[in-house]
Amino acid sequence: MPAMNLQDLQSIREANRHRVEFTRNTCLMLCGGTGCRSTGSLEIKEALQKEITTRGIQDSVDVVETGCNGFCARGPILVVQPHDIFYHNLTLQDIPELVQEQLVNNTPLQRLQYKDPVSKQILPRQQDIPFFAHQLPWVLRNRGIIDPESIDQYIARDGYFAAARALLEMTPGDILQQMHKSGLRGRGGAGFPVHLKWKYASEEKSPVKYVVCNADEGDPGAFMDRSILEANPHSVLEGMLIAARTVNAGHGFIYCRTEYPLALERVQTAIDRAREYGLLGSDILGSGFQFDLEIYQGAGAFVCGEETALMRSIEGGRGMPRPRPPFPAQKGLWDRPTVLNNVETLANVPLIILEGGDWYAGVGTEHSKGTKVFALSGDVRNIGLVEVPMGTSLCSIIYDIGGGIPGKRKFKAVQLGGPSGGCVPAEYLDLPVDYEAISRAGAIMGSGGMIVMDQRTCMVDMARFFMDFVQEESCGKCTPCREGTMRILEILDRIRAGDGVIQDLWELEDLSATIRDSSLCGLGQTAPNPVLSTLKYFPKEYEDHIRNKKCPAKKCTALVKFRVNADKCTSCGLCHKNCPSGAVHWKKKQPAEIDPQKCIKCMLCLDNCMFDAID
Amino acid sequence: MQQNIFHTDNSDYFRPAHRDITPGMWQGIDRVIQECLDVPGAVTQVLRRCQDLVGYLPVELLDYIAHSLNIPASEVFGVASFYSLFSMKPRGRNIIRVCTGTACHVRGADLIMRRLKQTYHLEDGSTTPDRRFTLESVRCMGACGLAPAMNINQTAHGHITPDQALKLLQEYY
Ligand SMILES: Cc1cc2nc3c(=O)[nH]c(=O)nc-3n(C[C@H](O)[C@H](O)[C@H](O)COP(=O)(O)O)c2cc1C
Ligand code: SF4
Ligand code: SF4
Ligand code: FES
Ligand code: FES
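The rules behind the values
- Numbering of residues begins from 1 in every chain and follows the order in which that chain's sequence is written.
- Chain letters start at A and ligand numbers start at 1, both assigned in the order the entries are written.
- Since the coordinates come from a predicted model, pLDDT governs what is reported: local features require at least 70, and pairs of side-chain atoms require 80 or more to be given and counted, while whole-chain, interface and lining totals use all residues.
- Only heavy atoms go into the side-chain values, all of them from the structure, while hydrogens and water stay out.
- A helix here means a DSSP run of H or I that spans at least four residues, while a strand means a run of E at least two residues long, and both kinds are numbered starting from the N terminus.
- Burial status follows relative accessibility: with a 1.4 Å probe on protein chains alone, a residue under 20% of its type maximum counts as buried, one over 50% as exposed, and anything between as partly exposed.
- The contact definition used throughout considers only heavy atoms, calling two residues in contact when any of these lie within 4.5 Å.
- A pair of strands is labelled paired if DSSP reports no fewer than 2 bridges between them.
- Simply put, an axis is a line fit to the C-alpha atoms, just over the touching stretch for a helix, and the angle between two N-to-C directions goes from 0 to 180 degrees.
- We call a residue near a molecule or strand whenever a single non-hydrogen atom of that residue lies within 4 Å of it.
- For this scheme, ten residues count as nonpolar: Ala, Val, Leu, Ile, Met, Phe, Trp, Tyr, Cys and Pro. Four count as charged, namely Asp, Glu, Lys and Arg, and the remainder, Gly too, count as polar.
- For this document, the term salt bridge refers to a Lys or Arg side-chain nitrogen within 4 Å of an Asp or Glu carboxyl oxygen.
- The nonpolar core is taken to be a set of buried Ala, Val, Leu, Ile, Met, Phe, Trp, Tyr and Cys residues, with the residues joined through side-chain atoms within 4.5 Å.
- For classification, angles of less than 35 degrees are called roughly parallel, those exceeding 145 degrees roughly antiparallel, those between 65 and 115 degrees roughly perpendicular, and all remaining angles oblique.
- Put simply, a crossing is left-handed when the front helix is turned counterclockwise from the back one by less than a right angle, and right-handed when it is turned clockwise.
- Residue ranges assigned to each domain were obtained from an automatic or database domain assignment.
- By buried area we mean the combined loss of accessible area, with a 1.4 Å probe, across both parts when two parts are placed together.
- Within 3.5 Å is the distance limit for a polar contact, defined as a pair of N or O atoms, with the added protein rule that one can donate a hydrogen and the other accept it, and that residues adjacent in sequence qualify only through two side-chain atoms.

Asker: What's the story with the overall build of chain B in this structure? I'm lost.
Answerer: Regarding its fold elements, chain B presents seven helices and six strands. Going residue by residue from the N terminus, the α and β elements of chain B occur as β-β-α-α-α-α-β-α-α-β-β-β-α. Along the longest, intermediate and shortest principal axes, the C-alpha atoms of chain B span 55 × 35 × 25 Å. In chain B, which comprises 173 residues, the proportion classed as buried is 54%. Sequence separation of at least 24 residues holds for 56% of the intrachain contacts in chain B that already meet a minimum separation of 6.

Written as structure tokens, this is what we have:
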């Protein structure tokens, strides 16, 4: 295809509008994200196509594979458009009946529809389901609506029109001004104002500059960036293109973790299509501006998410951080001025250019504008990806959208910010999503991991989990980070084994302060946070482990006795059924008994007992 | 090692003999190296593609890569040991990756890990003597919605219990 101009872009938008507004055919929008694929959505797609062809309705029905809808725990998910009818937990066996009822008889198949857990009412439309109704999808605006591999459909949703405006109508100064007004701050963790970063890079006089997208997403429990790349890859490319235009960069990299094969595939497809359309390459949209980009695959090192380490990694070395300044905006990749932003940050950019900075800043709190995407997981009913306006309370995310804690268990804490963040206890549930407010509570906004924990989670174990992580991932350059985290891990292990002494708690605080104050990069500086926040909010739990040799959550194996409490046991037999080593003796109407000789301490009995009867 | 070195007719390089690297693999390796000779910062990429070809990165191969790319061996070893993607030990025919990320941890990933270790006498990162399985822990594969999650080769499995994990593995030899 010859290079496009604005008119071409407009005619593609008009020609494809019906496919995203669903004005012609009935569209079966089947989720093809990583989650739904692992529950079988690819087979379901084939089955749908087969059933549709058998019934001879293939000309009026399209099957479209979309990116992640966010409700992965209920996958595979199918939304029938234009009527917004939502189906979940599909299986292959359901498909013939579903096609017959929904498409031929025009009556929804109730047994696959969403039933409200409280009112037991069926909620047929996606937009009525609380999980979706309380969200504000800006970054995720195309989810479930476009096929991520189709550039035409992205264009039909006004895609690349922001880039066109940035290239053809706006000066770099105009763009910076809009970014400033929008108040957009980095979504990768630190929350640095985007317009400042771009401004510094644009002021550098260098013939070669770079734009880098940080898609390393190392926080173990976060999948926002993965979903954006899978569902809406062009929005990230467009954001990079606008950044490049602002600072006058000619080349870009997307640094993506190798653990995300589908995201890598979709981004590559997006780059290929954009090149074919002349939206990457030379003389983009006839503006004379040239920009191209490529993917760089990470090789599995958390510290490479740190910006200076990431750039070192692209240069081909061991990805170790270096001191700043100089900042990447001045001396980044191969010592050239470099703009480095997170995936979600960049995906916000087209929206700001299209709708204006003032519009964008209309949502949010005083210092945190726009929306934030969170990966909600752990002990919560509706696990998934949620996007909410800044300022929304944690309570509203966990209860209104997340549906609360499953079963009769109680909320204990929510972890924000992964290994650099902290746990927020129940008292702080009305905390708004806001960079400063969350920091004050001892956690960080982070990249968006939000892990809900119920009473079965042990806080000492949680602190140990993160310490184990950073200890493993420390690049080893700074002694406090390398050795100090090891020491903390040893202490936590001792406490979990029942060998802790009360002085250990002071030592934890001392060590934490040292690591925080004398490490080079954010990994070390924030590594003690999970320990400090659990010490701050759950001191009693540490003391229980140390003084009473008890783990209230029954998670620390060495402190569990593996004895059945006859008063609580209902003789349900589940422990007996699940014990892999035959250590549980059980007869009907009698409390179970565990044979310590045979018990291998696998914890399965505890995990299965619903009556908390095993001590 | 000197006596292991032999010369092949279609290459200028000395290829050390190695039982896990077939002649076909050597050709692939040389092709990768040729393509990357002038690319700045290509070491990681060369290692990745060579590991894809051979299954792991034997020490002899790292030496060979360093020599061919004309960079110090210490640099190649440094990169190979820094990133968790690279393995210098032989790996199994089937790679089991149990997610031990936060979401999976909260949902009982340790129970699965423990059960697999006990059943197949494995440690994290080790391989069964018959090379049937390699067990690895990974930190989040982005499928937190399906926690606890596990990957066998390239297939993701969600909401698994220790029993189901063992059952799934029976199909892989
Ligand atoms: C140890 C460490 C890991 C990080 N991992 C990530 C990551 O996975 N993704 C990310 O976008 N930023 C990560 N960051 C933050 C980056 O260094 C950088 O601040 C960010 O990518 C800048 O983009 P933003 O301004 O758009 O947020 C990490 C920082 C540290 C210290
Ligand atoms: S703080 Fe830790 S991870 Fe960061 S540079 Fe120092 S040793 Fe490396
Ligand atoms: S699972 Fe719990 S309640 Fe059921 S038999 Fe075992 S100890 Fe008793
Ligand atoms: S992958 Fe289908 S909803 Fe997330
Ligand atoms: S924590 Fe296991 S997939 Fe994310």
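Moving on from the model shown.
Asker: Can you walk me through the sheet that holds strand E6 (residues 155-157) of chain B in this structure?
Answerer: Strands in a sheet are paired, the pairing made by backbone hydrogen bonds, and the direction either parallel or antiparallel. All names here are of chain B. Taken in spatial order, the four strands make up an open sheet running E4-E3-E5-E6, and their pairing is mixed. For this open sheet the edge positions go to strand E4 (133-138) and E6, each flanked by a neighbour on one side alone. Averaged over all pairs of adjacent strands, the angle between their axes in this sheet comes to 20 degrees, without regard to strand direction. In the sheet, strand E3 (residues 94-99) pairs with strand E5 (residues 150-152) via three bridges, with the strands oriented antiparallel. Across the sheet, Arg97 pairs through a bridge with Asn151, a residue of E5. The strands touched by helix H7 (residues 162-169) within the sheet are E3, E4, E5 and E6, with E5 carrying the most contacts at an inclination of about 10 degrees.

Asker: Would you mind going over the site of ligand 2 with me for this structure?
Answerer: In the neighbourhood of ligand 2, 13 residues make up the surrounding shell, with Cys475, Lys477, Cys478, Cys481 and Cys521 of chain A lying closest. For the shell around ligand 2, a count of residues per class yields eight nonpolar, four polar and one charged.

Asker: Would you mind going over the pattern of salt bridges with me for this structure?
Answerer: Oppositely charged side chains can form a pair if their charged atoms are brought close together. Residue and element names in this part refer to chain A. One pass over the full model with this rule turns up 52 salt bridges over all chains. Here Arg17 ties to Glu14 by a salt bridge, and the two come within 3.1 Å at their closest N and O atoms. Pair noted here: Arg17 and Glu14 are both in helix H1 (residues 6-21), with a separation of three residues, about one helical turn. Classification of Glu14 by relative accessible area gives partly exposed; the value is 44%.

Asker: I tried to follow the site of ligand 3 on my own but got confused; where do I start?
Answerer: Surrounding ligand 3, one finds 13 residues, the nearest of these being Cys569, Cys572, Gly573, Cys575 and Cys609 of chain A. Taken together, the residues that form the shell around ligand 3 break down as 10 nonpolar, three polar and no charged.

Asker: What is the right way to read the nonpolar core from this model?
Answerer: As a rule of thumb, soluble globular proteins bury nonpolar side chains together. Core analysis: the biggest nonpolar cluster contains 144 residues, and Tyr160, Trp198 and Phe291 of chain A have the highest contact counts within it. With eight residues, helix H11 (residues 233-247) of chain A is the single largest residue contributor to this core. Apart from residues lying up to four places away in sequence, Phe291 of chain A is in contact with Val211, Met240, Leu241, Ala244, Ala249, Gly250, His251, Gly252, Leu280, Gly281 and Ile284 of chain A. Ranked by size, the runner-up nonpolar core spans 71 residues in total, among them Phe469 and Cys551 of chain A together with Ile29 and Phe86 of chain B.

Asker: What am I meant to see in the sheet that holds strand E1 (residues 26-31) of chain A here?
Answerer: Residue and element names in this part refer to chain A. Strand order across the open sheet formed by four strands is E2-E1-E3-E4, with mixed pairing between neighbours. Here the strands that pair on one side only, and so sit at the sheet edges, are strand E2 (61-66) and strand E4 (85-87). Sheet twist, expressed as the mean angle between neighbouring strand axes with direction ignored, is 20 degrees. Inspection of the sheet shows E1 paired to strand E3 (residues 78-81) by four bridges, in the antiparallel sense. Its bridge partner being in E3, Cys27 is matched across the sheet by Gln81. Sitting on the sheet, helix H4 (residues 94-104) is in contact with E1, E2, E3 and E4, with an inclination near 175 degrees to E4.

Asker: Even after reading the chapter, I still don't get the packing of helix H18 (residues 459-473) of chain A against helix H22 (residues 529-537) of chain A, so can you show me in this structure?
Answerer: Packed helices, taken two at a time, are described by the angle between their axes plus the distance between the axes. Residues and elements named next belong to chain A. H22 packs onto H18 with a crossing angle of 170 degrees between their chain directions and a minimal axis gap of 8 Å. The pairing of H18 with H22 is recorded here as roughly antiparallel in orientation. Crossing handedness for the pair H18 and H22: left-handed. Residue-level contacts link Met459, Ala463, Phe466 and Met467 of H18 to Pro530, Val531 and Thr534 of H22. Residue classes in the contact of H18 with H22 are distributed as six nonpolar, one polar and no charged.

Asker: Could you clarify how one ought to interpret the domain arrangement of chain A in this entry?
Answerer: Reports of interface size often rely on the accessible area that becomes lost once the parts have come together. When the domains of chain A are assigned, the result is domain 1 (20-129), domain 2 (159-361), domain 3 (371-454), domain 4 (459-547) and domain 5 (561-615). Using only C-alpha atoms to locate each centre, domain 1 of chain A and domain 4 of chain A end up separated by 47 Å.

Asker: What exactly am I supposed to notice about the interface of chain A and chain B here?
Answerer: Taken residue by residue, the interface counts 59 residues in chain A and 36 residues in chain B. Its largest share of buried area at the contact with chain B, chain A owes to Ala299, Arg318 and Phe465 of chain A, together 16% of the area lost on that side. For the pair chain A and chain B, the interface holds three salt bridges. One salt bridge in this structure joins Asp468 of chain A and Arg139 of chain B, with 3.2 Å as the shortest N-O distance.

Asker: Even after reading the chapter, I still don't get the environment of Ser368 of chain A, so can you show me in this structure?
Answerer: Residue and element names in this part refer to chain A. Tracing the sequence through the fold places Ser368 in the loop between helix H15 (357-361) and strand E11 (371-378). Exposure remark for Ser368: the relative accessible area of 0% places this residue in the buried category. Sequence-wise, Ser368 and Glu436 are 68 residues apart; in three dimensions their C-alpha atoms are separated by 8.4 Å. When residues no more than four places from it in sequence are discounted, the contact partners of Ser368 are Arg185, Val363, Met390, Asp434, Tyr435 and Glu436. There is a polar contact of 3.4 Å between the side chain of Ser368 and the side chain of Asp434.

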